[in-house]
Amino acid sequence: MDRSQLRNMIDSGRAIAMDCHAIGKSIPDDDAIGKLFKTRIMNNSVLMKRYEPALQTARQPVVVTTLVYFPYDFENIYEGGESLNFNDGGFHNALTFKITKGNTASDLQEKIEADIAVLNLVNSMHSLDPFLFKSKAEQRDAGDSIHDAYYAISAKEWDKIRMPIREKILKLVTKALGSSGGDGDNTAREQYVERFLMKIWEAKDVQGIEPFIQAMQLEPERAPEVFFAWKAVCYYQVRFGDLLEALKTMFQWVGHSQLCFPVDHVNLGDEEKQTIKTKRSILREKMREGYIGAHRVLSEYEHSYNEFVDNDRPQTFMSFLENAENSYLLLANHVSVATHSVNLWKWYVEQYGGEMRSGQFNELFEGLNSLYGVALEKTKELA
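Residues numbered from 1 in each chain as written. Predicted model: local features only at pLDDT ≥ 70, side-chain atom pairs only at ≥ 80, totals over all residues. Heavy atoms only, no water.

Quick word on the overall build of the chain
Inference 1: Each helix and strand in the chain was counted, giving 16 helices and four strands.
Inference 2: In terms of overall size, the chain behaves like a compact globule, its C-alpha atoms giving a radius of gyration of 23 Å where 383 residues would be expected to give roughly 21 Å.
Inference 3: Overall, the chain is about 80 × 55 × 40 Å in size when its C-alpha atoms are taken along their principal axes.
Inference 4: Counting every position in the chain, which comprises 383 residues, the buried fraction comes to 49%.
Inference 5: Taking the intrachain contacts of the chain between residues at least 6 apart in sequence as the baseline, contacts between residues at least 24 apart amount to 66%.
Inference 6: Accessible surface, the chain: about 19000 Å² in total, of which carbon and sulfur atoms supply 48%. (Helix = DSSP H or I, 4+ residues; strand = E, 2+ residues; numbered from the N terminus. Rg over C-alpha atoms; globule rule 2.2 N^0.38 Å. Buried < 20%, exposed > 50% of the residue type's maximum accessible area, 1.4 Å probe, protein only. Contact = heavy atoms within 4.5 Å. Areas by Shrake-Rupley, 256 points an atom, 1.4 Å probe, with all protein chains shown as cover.)

Here's what the structure looks like:
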């Protein structure tokens, strides 16, 4: 990945990249909570999520890996560096060697173990969206130990996202509980419903909501992660709705053969022109697949929800819950990539206009291709 692609990946949003170095610089050394990691090298790193299609025989539809990028120059992180895959079996040893350089001091080992624990938290998520990062930290009882700067979400924005999700869950919980709870007292019943709502929202345990778990035919040990996945699907429903208009405008640009091509194309060779056209065709198809995939998951969820709430048919919603973790995974892939792509496309169009010369166009075009996984090998096959 060259410097422009690296810059575009890091700077176009938080959904799939967290620049720990930039965030950490904003936190004073004497801050009560402090930086995210215990070791200097991790606090100067960039965390990224990478999505790849899974094999057809795999249990999950997408493979998500957590990459830790260590820039060579902390003050110019786009000039190159080294990446380690947290999901590789040798990551722990590689990170330990990188930090210690052979120094086995016990206090340093303790710091490394603490950093691995934070990375485990990050790796348990399918994206780095601030809302979900904060939600996951709270689920793991780590919310107060992470500085607000890493959540990158204001109280106003948190409530804007939280309220429609909470309302949707509340409506379904109320429907599921029916006339149970409260012995006819409205206040007592509201408190009863609220307890159920908070248990599902926090997604920590199932104590006190066993009847709901049984009614939904969920395995108790899986229920907290299923509930977290349900909340994530609700989040992506809100996020996708907010993104839709800008996403369609970007699609129109990519679909326009004059705009999505260098304005100075007369200076390009025939092979270079053909490569752009071939990649563009694949990019359009990838974008179309991503949009259709996200829309399908959200439509299936909305249908199952309405069947339960409006038509007293819980079976389809029970099926949704059973598969909620895969729905969360698919949406994390499609919506996160779309979010970064829209941010990237907007920045270039605002800076250079809808028609761009080769330099600017190639930076944007290759950034979009990278985000959507347009492989060079595939373009060569089709050229």
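Observations concerning helix 13 (residues 315-322)
Inference 1: What helix 13 keeps buried is the set Phe317, Met318, Phe320 and Leu321. What you see down the axis of helix 13 is that its buried residues fit within an arc of 155°, all on one side.
Inference 2: Contacts from the buried residues of helix 13 go to helix 8 (155-177), helix 10 (210-215), helix 11 (223-255), helix 12 (270-311) and helix 14 (324-352). (Arc of directions from axis to C-beta.)

Quick look at the packing of helix 11 against helix 15 (residues 358-371)
Inference 1: Across the interface, helix 11 lies against helix 15 with an axial gap of 13 Å and an inter-helix angle of 115°. For the pair helix 11 and helix 15, the crossing hand works out as left-handed. Here Met250, Trp253 and Val254 of helix 11 come into contact with helix 15, specifically with Phe361, Leu364 and Leu368.
Inference 2: For the contact of helix 11 with helix 15, a count of residues per class yields six nonpolar, no polar and no charged. (Axes fitted to C-alpha atoms, helices over the stretch in contact; angles between N-to-C directions. Left-handed = near helix turned anticlockwise from the far one by under 90°. Nonpolar A, V, L, I, M, F, W, Y, C, P; charged D, E, K, R; others polar.)

What to know about the pattern of salt bridges
Inference 1: Applying the stated criterion to the full structure yields 15 salt bridges.
Inference 2: Linking arginine 7 and glutamate 363 is a salt bridge whose minimum nitrogen-to-oxygen distance equals 3.1 Å. Of this pair, arginine 7 sits in helix 1 (residues 3-11) while glutamate 363 sits in helix 15, and the two are 356 residues apart along the sequence.
Inference 3: Residue classification places glutamate 363 among the partly exposed positions, given a relative accessible area of 26%.
Inference 4: Arginine 222 serves as the salt-bridge partner of glutamate 322, at 3.2 Å between the closest nitrogen and oxygen. Of the two residues, glutamate 322 is situated in helix 13 and arginine 222 in the loop between helix 10 and helix 11; the sequence distance between them amounts to 100 residues.
Inference 5: Within the structure, one salt-bridge network assembled from shared partners comprises Arg222, Glu322 and Glu325. (Salt bridge = Lys/Arg side-chain N within 4 Å of Asp/Glu carboxyl O.)

Regarding the sheet that holds strand 4 (residues 81-85)
Inference 1: The sheet built from four strands is open, its strands ordered 1-2-3-4 with antiparallel pairing. The sheet terminates laterally at strand 1 (17-19) and strand 4, the two strands that pair on one side only. The average angle at which neighbouring strand axes cross in this sheet is 25°, direction not considered.
Inference 2: Relative to strand 2 (residues 46-53), strand 1 runs antiparallel, the two sharing three bridges. Bridge pairing in strand 2 links methionine 18 to leucine 47. (Pairing = 2+ DSSP bridges.)

Regarding the pairing of strand 3 (residues 62-71)
Inference 1: Buried residues dominate strand 3, accounting for nine of its ten residues.
Inference 2: Sheet topology note: the strand 2/strand 3 ladder contains eight bridges and is antiparallel. Looking across to strand 3, one finds that arginine 50 is bridged to threonine 65.
Inference 3: As defined by bridge partners, strand 3 adjoins strand 4 across five bridges and the pair is classed as antiparallel. Bridging from a neighbouring strand, leucine 67 pairs with asparagine 85 of strand 4.

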